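Fold and geometry: a report
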Amino acid sequence: MTSPPAVPVTLAEIARLAGVGRAAVSNWRRRHDTFPPRIGGTDVSPHFSLTDIEKWLRENGKMGKATSREWLWPRFEALGDRDETGLAIVAAGRLLAGKESDGGGPDDAGSGPVRAAVELGRREGSSDILTFLLRRWLDTHVRQITTTPGVLADLMADLALRVRESAAGEHREDPVTVLDPACGAGHLLAAAATAVPAALNRPAALLGCDRDPVLTALTDMRLALLQRPGAPAPVVAPGDSLRADPLVGTQADMVLCNPPSNERDWGYEDLATDTRWAHGMPPRTEPELAWVQHCLARLRPGGSAVLLLPPTVAARKAGRRIRGSLLRTGALRAVVALPPGSAAPHSVSLHLWVLRRPAAGENPPGPGELLLADAAARFPRSAARENGPEWGELGAFVRSVVADATGGGTAGGARGRSAAKEPDTTAWAALVPVIDLLDDEVDLTPGRHITSASGHAGPRLADSWTEVGELLDGLRTESARLAALDLTSGTADQPNATVGELARAGVLTLRSGRHPAEAATPELRHARIPLLTISDLLLDRSPGGWVHPDDAVVVESGDVVVVGVSREFSAWVHEGPPMAVGPQIHALRVDPDVLDHWFLAGSLNASANARHAGTHASSSSRIDMRRLQVRRLALPEQQRYGDAFRHLAAFERLAERLGTVAKELGQDLGDELAAGRLVYGK
């Protein structure tokens, strides 16, 4: 009988499974003759057999705390491309849901990773295992698949429930039909599957469609696991909702959608006479407005829709006629600007559009008021929240302003016209008369129509003044230490050593950053780390990309980073999680028994070093790393100087942060003074 092929794992994956750093795994490989041999890959990125690695870790007591599911994922990843792995997850999900596989997966007979997933799911819970596999699959292909974060999906489902109205003749036991015409991996439908029964005590009839058949299969599998007793079976079909809707004729109580954006080839020529364009033919450059009208056309009378859209949809000149029609007919009820980081693309403030189709017998309301809410200004991006907004506060704010504007404090509440009167919301939300928006631009960007009131200026200014005080205290402490330094003239004859000499002596290792290979060359796996490039240093000095660690030069905490371009020349000790570096950025790792890393970084950072090691062989002056010099000192003396360099780095960080806070505080003070909300010279 032929044995199954070995499942390959990289050094980074071994480190994750063992719960150690990648450097530790490299040490094991060098020091232990019994470490499993390489089965593939390259010298830079070797691959090892998962089975052999697991056996070696167990025998040597280095298994770490990795769970059974962590060991399961490499088996799926080894299946091949994106689609094959996704269909294997579908096959496992169908078996765990008690359904026969449709033959779409590579492992339907019950062997290999699918069988392992089914066995583990029956021990630890089907939903947990499938959620884990789906999350890993989506993380692996994050550049190809756009998803809606779970907390945002919950918020969108809740808003749709608050805005919808019961249809005539609707019974409490009737299912609530929820449609997502671009469902992707099913995040919005999964949120609705929970939100509808919780809010209305009624089952949800879930309908989905997507152009990617693998995504529709994953969504169908996912919803089957979430199906509640008495609820209709989910219907998820592959197809292009705009060009050839497989669910044509369907009407829904709610539509939730995060449509694809910036697509020019959406069917403009083929759909010119489509009956869905009740508010005007969408221009070629406005595919998002085609999706808006598609969602409205699929609503029952009284039904609601919530879409996640780019901010440009609210202001682009080409779409002003359609936006005007949406306002005049009362179809568009609210536009909410979310903080950057709420969903991909994370660098922009995405908008939520809340729409409702008039109920049967209801006269179109005509020009009234539009709710505009600027959550982006209410919750500005903070250095303390790098991973996105505080969803508890953000969700409460958005739900509150929508409930106040629609007159309903609970899901599906009655309509109303009361503005958001509470102090927590008036500064950031307003009911704007539609007549004021129907100008030549029909610009619906919330921040352009809402003026911040004093309700939140006080707490924000107080926080800024507190941080200024803390920074000044830190600067006084560090400056007192640095001011105690004495000038001396006794260092002129001390010998120097170059980085090249230290590298040859084994005191440090020098690695130069490089361009990562194209994403299609090495398979993009879930293990990604931030990538710092020269371009990032010119912008805000923070990493602006991601890369697989096996395809990059990785800097770990304690390494010295040196920028090898004269105009940006600098050296510092890296503190924090691992980070990859791009071309012209170098990483130095020292032997701590011989060389102090703070002393090295401070010495290399000297201006004289850049002049001494610079080269003008091209129009962009570069630094010859091996010519950079360091004084030869005993380790205790290095550590004494290193301590001073460490305090100097802290002083510079505090001063830089103080400058940023002072600029932001000055802008806030200027705005409040200009608005007459601050009094000077009482």
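I will try to describe carefully the structure that is included in this document. (Residues numbered from 1 in each chain as written. Predicted model: local features only at pLDDT ≥ 70, side-chain atom pairs only at ≥ 80, totals over all residues. Heavy atoms only, no water.)

A word on the packing of helix H1 (residues 11-18) against helix H2 (residues 22-31). Direction vectors running N to C along H1 and H2 enclose 105°, while the axes themselves pass 8 Å from each other. Taken together, H1 and H2 sit at an angle that is classed as roughly perpendicular. Residues Leu 11, Ile 14, Ala 15 and Ala 18 of H1 form the contact with H2, whose own contacting residues are Arg 22, Val 25, Ser 26 and Trp 28. Looking at the contact of H1 with H2, its residues break down into six nonpolar, one polar and one charged. (Axes fitted to C-alpha atoms, helices over the stretch in contact; angles between N-to-C directions. Helix = DSSP H or I, 4+ residues; strand = E, 2+ residues; numbered from the N terminus. Parallel < 35°, antiparallel > 145°, perpendicular 65-115°, else oblique. Contact = heavy atoms within 4.5 Å. Nonpolar A, V, L, I, M, F, W, Y, C, P; charged D, E, K, R; others polar.)

It is worth spelling out the sheet that holds strand E19 (residues 570-573) at this point. With antiparallel pairing, the four strands of this open sheet are ordered in space as E14-E21-E18-E19. Here the strands that pair on one side only, and so sit at the sheet edges, are strand E14 (508-512) and E19. Strand-to-strand twist of the sheet, defined as the mean angle between neighbouring strand axes without regard to direction, takes the value 20°. Bridge count for E14 against strand E21 (residues 585-590) is five bridges, and the pairing is antiparallel. Directly across from Thr 509, in E21, lies its bridge partner Arg 589. Sitting on the sheet, helix H20 (residues 597-604) touches E14, strand E18 (560-563), E19 and E21, and the angle it makes with E19 is about 165°. (Pairing = 2+ DSSP bridges.)

Below, the discussion takes up the pattern of salt bridges. Counted according to the given criterion, the structure contains 28 salt bridges. For Asp 274, the salt bridge goes to Arg 276, with nearest N and O atoms at 2.8 Å. Judged by relative accessible area, which is 22%, Asp 274 ranks as partly exposed. Taken together, the shared-partner salt bridges in this structure form one network comprising Asp 240, Arg 243, Asp 265 and Asp 270. (Salt bridge = Lys/Arg side-chain N within 4 Å of Asp/Glu carboxyl O. Buried < 20%, exposed > 50% of the residue type's maximum accessible area, 1.4 Å probe, protein only.)

The tendency in soluble globular proteins is for nonpolar side chains to be buried as a group. Counting 49 residues, the largest nonpolar core has Leu 152, Val 178, Leu 256 and Leu 352 as its most contacted members. If one sorts the elements of this core by residue count, helix H8 (residues 150-163) sits on top with nine residues. For Leu 352, the residues in contact, after removing those within four places along its chain, are Leu 152, Leu 155, Met 156, Leu 159, Val 306, Leu 307, Leu 308, Ala 334, Val 335, Val 336 and Leu 338. In terms of nonpolar packing, the next biggest core, distinct from the first, is built from 40 residues, Trp 277, Ala 290, Leu 309 and Val 442 among them. (Core = buried A, V, L, I, M, F, W, Y, C linked by side-chain atoms within 4.5 Å.)

In this fold, Glu 369 is placed in strand E11 (residues 369-374). We classify Glu 369 as partly exposed; its relative accessible area is 31%. A sequence separation of 39 residues divides Glu 369 from Gly 330, and the C-alpha atoms of the two residues are 8.5 Å apart.

Here we take up the environment of Leu 665. Take Leu 665: it is sitting in helix H22 (residues 635-674). The spacing of Leu 665 and Asp 463 is 202 residues in sequence and 9.8 Å in space, taken between C-alpha atoms. What Leu 665 contacts, discounting residues up to four positions off in sequence, is Leu 461, Ser 464, Trp 465 and Val 468.

Remark: H20 packs on H22, axes separated minimally by 7 Å, with the N-to-C direction vectors making an angle of 65°. The handedness of the crossing between H20 and H22 is left-handed. On the side of H20, the interface is formed by Trp 598, Phe 599, Gly 602 and Ser 603, while H22 contributes Gln 638, Tyr 641, Gly 642, Phe 645, Arg 646 and Ala 649. Counted by class, the contact of H20 with H22 contains five nonpolar, four polar and one charged residues. (Left-handed = near helix turned anticlockwise from the far one by under 90°.)

This part is about the pairing of strand E4 (residues 176-180). For E4, the buried fraction is high: five of the five residues fall into the buried class. Residues Val 176, Val 178 and Asp 180 point to one face of E4 and Thr 177 and Leu 179 to the other, with burial holding for every one of them. For the crossover that starts at E4, traverses helix H9 (residues 187-200) and ends in the parallel strand E5 (residues 204-210), the hand is right-handed. Summarising the sheet, E4 and strand E7 (residues 252-257) pair through two bridges and their orientation is parallel. Looking at E7, one finds that Val 178 is bridged to Met 254. (Right-handed = clockwise from strand over helix to strand, strands pointing away.)

Turning next to a nonpolar patch on the surface. A cluster of nonpolar side chains, Leu 673, Leu 678 and Tyr 680, forms an exposed patch at the surface whose accessible area comes to about 360 Å². Along the chain, the position of Tyr 680 falls in the segment after H22. (Patch = residues over 30% accessible without salt bridge, like charges linked within 9 Å, V, L, I, M, F, W, Y side chains within 5 Å. Areas by Shrake-Rupley, 256 points an atom, 1.4 Å probe, with all protein chains shown as cover.)

Glancing now at unusual backbone geometry. In this model, Ala 344 is joined to Pro 345 through a cis peptide bond whose omega is -5°. When you line up the elements, Pro 345 lands in the loop between strand E9 (332-337) and strand E10 (351-356). Residues other than glycine seldom take positive phi values, yet Asn 201 does so here, at roughly 55°. Tracing the chain through its elements places Asn 201 in the loop between H9 and E5. On the basis of relative accessible area, Asn 201 is assigned to the exposed category, the value being 67%. Positive phi outside glycine occurs at Gln 584, with the angle close to 70°. By secondary structure assignment, the location of Gln 584 is in the loop between strand E20 (579-581) and E21. Residue classification places Gln 584 among the partly exposed residues on the basis of a relative accessible area of 25%.

Now for H20. Counting buried positions along H20 yields seven of eight residues, so the element is predominantly enclosed. Turning to H20, its buried residues are Trp 598, Phe 599, Leu 600, Ala 601, Gly 602, Ser 603 and Leu 604. Near the N-terminus of H20, the side chain that reaches the backbone nitrogen of Trp 598, with its oxygen 3.1 Å away, is that of Asp 596. (Polar contact = N/O pair within 3.5 Å; in protein donor to acceptor, adjacent residues only side chain to side chain.)

Moving on, we come to the sheet that holds E20. Taken in spatial order, the four strands line up as E16-E15-E20-E17 in an open sheet, and their pairing is mixed. Strands with a single pairing partner mark the edges of an open sheet, and in this sheet they are strand E16 (545-547) and strand E17 (553-555). Pairs of neighbouring strands in the sheet enclose a mean axial angle of 45°, with direction left out of account.

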